[in-house]
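# What the coordinates show
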Amino acid sequence: MVNCLCKLGLETKGKEFAMELSTLRKMAEAAAKERRHTILWDKPFAEGIRQYQTGACHCGAEVQIVTRPMPNEIDIGGSAIAMNCPVRTW
Ligand SMILES: [Zn+2]
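The following refers to the structure shown. (Residues numbered from 1 in each chain as written. Predicted model: local features only at pLDDT ≥ 70, side-chain atom pairs only at ≥ 80, totals over all residues.)

When you line up the elements, Ala80 lands in helix α2 (residues 79–82). In this structure, the C-alpha to C-alpha distance between Ala80 and Ala56, residues 24 residues apart in sequence, is 7.6 Å. Non-local contacts of Ala80, meaning those with residues more than four positions away in its chain, are made with Ala32, Arg35, His37, Ile39, Cys57, Ala61, Glu62 and Val63. (Helix = DSSP H or I, 4+ residues; strand = E, 2+ residues; numbered from the N terminus. Contact = placed C-beta atoms within 7 Å.)

Turning our attention to the pairing of strand β3 (residues 50–56). In regular strands, side chains alternate between the two faces of the sheet. Two elements, strand β1 (residues 40–41) and β3, share two bridges in a ladder whose sense is antiparallel. Bridging from a neighbouring strand, Leu40 pairs with Ala56 of β3. Connecting the antiparallel pair strand β2 (residues 45–47) and β3 is a turn made up of two residues, with Gly48 showing a positive phi of about 65°. Of the pairings in the sheet, the one linking β3 to strand β4 (residues 62–66) comprises five bridges and is antiparallel in character. Paired with Tyr52 across the two strands is Val66, which belongs to β4. Counted between consecutive antiparallel strands, the loop separating β3 from β4 contains five residues, among which Gly60 sits at a positive phi close to 105°. (Pairing = 2+ DSSP bridges.)

Turning our attention to helix α1 (residues 21–34). Helix length check: α1, at 14 residues, gives a terminal C-alpha distance of 20 Å against a target of 20 Å (1.5 Å per residue), a fit within 8%. Turning to α1, its buried residues are Leu24, Met27, Ala28, Ala31 and Ala32. Looking straight down α1, one finds that the buried residues subtend no more than 135° of arc, so they occupy a single side. Where α1 is buried, its residues touch β4, β5 (76–77) and α2. The positive-phi residue at the C-terminal boundary of α1 is Arg36, with phi of around 70°. (Expected span 1.5 Å × (residues − 1). Buried ≥ 20, exposed ≤ 12 C-beta atoms within 10 Å, placed from the backbone. Arc of directions from axis to C-beta.)

Here's what the structure looks like:
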């Protein structure tokens, strides 16, 4: 069981550089795939210098990514990262 993003090499908090949305999306997708989810992404949107994108698996699990997360936020989060997909699709 891997519950911590740092074990997947996805711990990015505290780093000085801001990750590109496309990089975050690849990492989120890889983490979700580990849990057998297939993520369908919504259109990204921006708010100031921050960019957001959300996605969801057909099982209902979701994933959210945000560039330049606030100190109390994480750049990659959601139930698709935290829980296994209940529907095996492959
Ligand atoms: Zn799923």
